[in-house]
Amino acid sequence: MLSEVLLVSAPGKVILHGEHAVVHGKVALAVALNLRTFLRLQPHSSGKVDLSLPNIGIKRSWDVARLQLLDTSFLAPEALSPTCVCLFACETEQGDVTAPTPEQVEKLKEVAGLPDDCAVTKRLAVLTFLYLYLSIFRKQRTLPSLDVVVWSELPPGAGLGSSAAYSVCLAAALLTVCEEIPNPLKDGEHINRWTKEDLELINKWAFQGERVIHGNPSGVDNAVSTWGGALRYQQGKIASLKRPPALQILLTNTRVPRSTKALVAGVRNRLLKFPEIVAPLLTSIDAISLECERVLGEMGEAPALEQYHVLEELIDMNQHHLNALGVGHASLDQLCQVTRAHGLHSKLTGAGGGGCGITLLKPDLGRGGTRPEESRSEHFCSSMQ
Ligand code: MEV
């Protein structure tokens, strides 16, 4: 078991195209963001597991012995399916981890001991930690005493993958503690990196964390947070984008809060209600992602203005589709109008309903080219390579 302090970090993400459609098996294109979440883990022998999340005002401590007891008390054999021999996460024959059941999440709530009026963001962050802690250490005879602090540069609930980066950090750190993956900084060897297999395991567990938070996510957010770079994601298949150009993207946080889970459910309901109308929208978004991937691949190091124009048209068409799916918001319409007045094109990114929008900056505009002054929005400039 690890004895030294461990520091890990994971990036947030921006979805260029394919949000929501990706939940229904379509392609999404996503890039890692230069805003990160950081985790510091200190093993100790106090008999406690401490979690501190300063960004959202969480400081909790649990007695390891009590957790151990509660853990075993949940092991009601009749509650387990024939292939299920563990408490929370169960490995299938393919080595996949099955989703946490609503009953397991309910049990976690009891273990967490949070007050009834605890805000949803806080509650889900704590439940995700407990879920990953109890599941990843399920094979250990004794649960470890740990002090875990997680902080972030990412605004929560804004569509920039803060929950995925949180889950990736937790999965990576906890898997390192129980030596499922090596400590890359062991013995002062700072150049070691996790292997593809290690990253796959981190991604698999991070996906479980995302499932606690979002219910039925596609997995794109944790994939990009685990692997970094620019990638194409479809039904668990991850591929790096070939030779992506260095695009400048303005990120605008409308600061309008929203729930990814509710927005994803809203799209599902609309698809069920109007399959003939909504399914073609999802197919069209898929085609937009593929066309964007093709154009990005052709742009190379010296992109032509004409190629920027194609990217802009794709942004406009997708934004209209996302509005038709019901995930737009007046604040995002305003972003599109204001940037349009400056000759720029924007769309929502992530779940929508507020959250963040992206605006493609043409090369001559550079950093901070357009800033709508009279708004309560927050801006970041990000580059995609
Ligand atoms: C959220 O960042 C992206 C969505 O497509 C949800 C998902 O992929 O799980 C809205």
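Not measured: the values here are computed from a predicted model.

**Digging into the packing of helix H2 (residues 102-112) against helix H3 (residues 120-136)**
Across the interface, H2 lies against H3 with an axial gap of 10 Å and an inter-helix angle of 100°. Taken as axis vectors, H2 and H3 run roughly perpendicular relative to one another. For the pair H2 and H3, the contacting residues are Val 105, Leu 108, Lys 109, Val 111 and Ala 112 in the first and Arg 123, Val 126, Leu 127, Leu 130, Tyr 131 and Leu 134 in the second. Of the residues belonging to the contact of H2 with H3, the class tally is 9 nonpolar, no polar and 2 charged.

**Observations regarding the pattern of salt bridges**
Applying the stated criterion across every chain, the model contains 9 salt bridges. A salt bridge links Glu 293 to Arg 232; the shortest N-O distance between them is 2.9 Å. One end of the pair, Glu 293, is in helix H8 (residues 275-299); the other, Arg 232, is in strand E6 (residues 230-234), with 61 residues separating them in the sequence. For Glu 293, a relative accessible area of 22% puts it in the partly exposed group. Close ionic contact of Glu 291 with Arg 294 constitutes a salt bridge, the shortest N to O distance being 2.8 Å. Linking Glu 291 with Arg 294, this pair stays in helix H8, spanning 3 residues, or about one helical turn.

**Examining the packing of aromatic side chains**
Counted according to the given criterion, the structure contains 4 aromatic pairs. Measuring from centroid to centroid gives 6.0 Å for Trp 62 and Phe 129, while their planes differ by 20°, and the two rings are stacked. Here Phe 129 lies in helix H3 and Trp 62 lies in strand E4 (residues 58-63), a separation of 67 residues in the sequence. Their ring planes at 65° and their centres at 5.3 Å tell us that Tyr 133 and Phe 137 sit as a pair that is edge-to-face. Considered together, Tyr 133 and Phe 137 belong to a single accessibility category, that of buried residues. Through successive ring pairs, a cluster of aromatic residues spans Trp 62, Phe 129, Tyr 133 and Phe 137.

Conventions and cut-offs
- Residues numbered from 1 in each chain as written.
- Predicted model: local features only at pLDDT ≥ 70, side-chain atom pairs only at ≥ 80, totals over all residues.
- Heavy atoms only, no water.
- Axes fitted to C-alpha atoms, helices over the stretch in contact; angles between N-to-C directions.
- Helix = DSSP H or I, 4+ residues; strand = E, 2+ residues; numbered from the N terminus.
- Parallel < 35°, antiparallel > 145°, perpendicular 65-115°, else oblique.
- Contact = heavy atoms within 4.5 Å.
- Nonpolar A, V, L, I, M, F, W, Y, C, P; charged D, E, K, R; others polar.
- Salt bridge = Lys/Arg side-chain N within 4 Å of Asp/Glu carboxyl O.
- Buried < 20%, exposed > 50% of the residue type's maximum accessible area, 1.4 Å probe, protein only.
- Phe/Tyr/Trp six-rings, centres within 6.5 Å; stacked < 30°, edge-to-face > 60°.

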